[in-house]
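Structural description and commentary
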Amino acid sequence: MEYKNILFEVADGVATITINRPKALNALNSDVIGELYDAAVKCKTDEAIKAVILTGAGEKSFVAGADISQMVELRPQQAMLFMEAGIETFRMFETLPKPVIAAVNGFALGGGVELAMSCDFRFASENARFGQPEILIGLIPGWGGTQRLTRLVGIGRAKEYIMGGGQIDAKRAYEIGLVNRVYPLDQLMAETKKFAAKLATLPGFALKMAKHAINFGYDLALDNALRLETECCSQCFSTDDQKEGMKAFLEKRKPAFKGR
Ligand code: CO8
């Protein structure tokens, strides 16, 4: 697929996907969603890609939400299709068997914060602003916000932001656990790439199992979740990387992981 709305680059095992509609503050229309889905499939299937970064073009916005100009006249069935496309695309990143980092370089509003919350990690620039302002245009979140925000920051805060429609800055987002790290804007990409590069060197199968156990164990009853963890952890013993990691520790040397 030829991309017109995103940039897709791979370097040193890290794929960087940049949503590239800076004049519209990188708002997501159905074309962007289609390209993001295609890029997610590439990230999943290309064995050379070990970690993924999602970011927005320009210095003002990560993603300012779904494209309002495309939604204004939708009927419910059309809205449902647009919602399902976003839900499926975001879920691809959330369940990708590789780490995904959102580098939030400005506004992350509505669909923007929903996309960021589908990533494993959120690194933000100091100028980033977060919110679910859908209520202000007669809507509620439709790409996972009612569920993922509630899980990340708790039901009381989720209701405050979703029903109140206000925005918070990066410092507050860090305090409530919505973002993992905050950097000056000019350091955001370098720091995100450094973290992604480190992840790319770690045993890929163990990363996959860690993400799987956390994602799919989270909503299970504790006994079932612990069983899932046991199964995921035991699978790691099938890899050369587990043998190498433990031998290297015992031999007091650095491990040479091979990704298998
Ligand atoms: N959709 C379309 N265009 C947008 C969007 C958007 N979400 N956000 C910004 N833009 C456009 C503006 O229209 C403007 O275009 P133009 O230059 O042609 O007039 C350009 O980007 C620059 O924006 P502003 O001039 O408004 O810039 P400001 O710095 O003054 O303001 C803000 C920045 C605060 C980010 C402001 O643009 C804003 O409030 N944007 C809308 C934010 C919003 O409401 N987002 C939520 C949208 S709804 C949603 O995401 C639901 C997702 C799932 C539902 C699926 C249902 C089918």
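For the structure given in this document, a descriptive report is provided here. Throughout, a residue's number is its position along its own chain's written sequence, starting from 1. Selection of residues for local features in this predicted model requires a pLDDT of at least 70, selection of side-chain atom pairs for listing and counting requires 80 or more, and totals for whole chains, interfaces and linings are taken over all residues. Neither water nor hydrogens contribute to the side-chain values; these are computed over all heavy atoms in the structure.

**Structural notes on the overall build of the chain**
Heads up, the condition is: The secondary structure listing takes helices from DSSP runs of H or I that are at least 4 residues long and strands from runs of E that are at least 2 residues long, numbered from the N terminus. We compute the radius of gyration from the C-alpha atoms alone; for a globule the expected value is 2.2 Å times N to the 0.38, where N is the number of residues. Working definition: with a 1.4 Å probe on protein chains only, accessible area under 20% of the residue-type maximum means buried, over 50% means exposed, and in between means partly exposed. Note on definitions: a residue-residue contact is assigned when non-hydrogen atoms from the two residues lie within 4.5 Å. Here, Shrake-Rupley sampling with a 1.4 Å probe gives the accessible areas, and only protein chains in the shown set may cover a residue. His is not counted, nor are the chain ends, whereas Lys and Arg count as positive and Asp and Glu as negative. By convention, the point assigned to a charge is CZ for Arg, NZ for Lys, CD for Glu and CG for Asp.
Counting its secondary structure elements, the chain contains 11 helices and 10 strands. For 260 residues, the compact-globule formula gives about 18 Å, and the C-alpha radius of gyration of the chain, at 19 Å, lands near that figure. Seen through its C-alpha atoms, the chain measures out along the principal axes to roughly 65 × 40 × 35 Å. Every one of the 260 residues in the chain was classed for burial, and the buried ones make up 44%. A fraction of 68% describes how many contacts in the chain between residues 6 or more apart in sequence connect residues 24 or more apart. With the model as given, the accessible surface of the chain reaches about 13800 Å², and the carbon-plus-sulfur share is 57%. In the chain, which carries 32 positive and 31 negative side-chain charges, the distance between the mean positions of the two groups comes to 4 Å.

**Topic: unusual backbone geometry**
One non-glycine residue, Asp12, lies in positive phi territory at about 50 degrees. Turning to its location among the elements, Asp12 is positioned in the loop between β1 (6-11) and β2 (14-19). Looking at Asp12, the relative accessible area reads 76%, which means it is exposed. Despite not being glycine, Lys252 has its phi angle at roughly 55 degrees, a positive value. Here Lys252 lies in the segment after α11 (240-250). On the basis of relative accessibility, which here comes to 76%, the residue Lys252 falls in the exposed class.

**What about the site of the ligand?**
Our working rule: The cutoff for a nearby residue is simple: one of its non-hydrogen atoms must lie within 4 Å of the molecule or strand. For this analysis, a polar contact is any N or O atom pair within 3.5 Å, provided that within protein one partner can donate a hydrogen and the other can accept it, and provided that sequence-adjacent residues contribute only side-chain to side-chain pairs. The nonpolar class holds Ala, Val, Leu, Ile, Met, Phe, Trp, Tyr, Cys and Pro. Asp, Glu, Lys and Arg form the charged class, and all remaining residues, Gly among them, are polar.
Neighbouring the ligand are 24 residues; Lys60, Ala64, Ala66, Ile68 and Gly111 lie closest to it. One of the backbone nitrogen or oxygen atoms of Ala64 is found 3.0 Å away from a nitrogen atom of the ligand. Within the backbone of Gly111, an N or O atom sits 2.8 Å from an oxygen atom of the ligand. Within the complex, the protein chains bury 64% of what would otherwise be the 1100 Å² of accessible surface of the ligand. Those elements that provide at least two residues to the shell around the ligand are α2 (68-71), α3 (76-95), β6 (107-109) and α4 (111-117). Sorting elements by how many residues they give to the shell around the ligand places α3 first, with three residues. Considered class by class, the residues forming the shell around the ligand number 15 nonpolar, four polar and five charged.

**A word on the pattern of salt bridges**
Keep this limit in mind: A carboxyl oxygen of Asp or Glu within 4 Å of a side-chain nitrogen of Lys or Arg is what we treat as a salt bridge.
Tallied over the full model, the rule gives 13 salt bridges. We note a salt bridge from Glu94 to Arg148, for which the minimum N-O separation is 2.6 Å. With Glu94 in helix α3 and Arg148 in helix α5 (residues 145-153), this residue pair connects regions lying 54 residues apart in the sequence. The two residues Glu94 and Arg148 agree in class, both being buried.

**Examining the sheet that holds strand β7 (residues 121-125)**
One key point about sheets: their strands pair by backbone hydrogen bonds, in either a parallel or an antiparallel sense. Let me state the cut-off plainly: At least two DSSP bridges between two strands are needed for those strands to be called paired. Under this scheme, a helix contributes an axis fitted over its contacting stretch, all axes are lines through C-alpha atoms, and angles between N-to-C directions fall in the 0 to 180 degree range.
Pairing in this open sheet of six strands is mixed, and the strands run β1-β2-β3-β5-β7-β10 from one edge to the other. Looking at which strands have only one partner, the edges of the open sheet turn out to be β1 and β10 (181-183). Between one strand axis and the next, the sheet turns by 20 degrees as a mean value, whatever way the strands run. In this structure, strand β5 (residues 100-104) lies alongside β7, joined through four bridges in parallel fashion.

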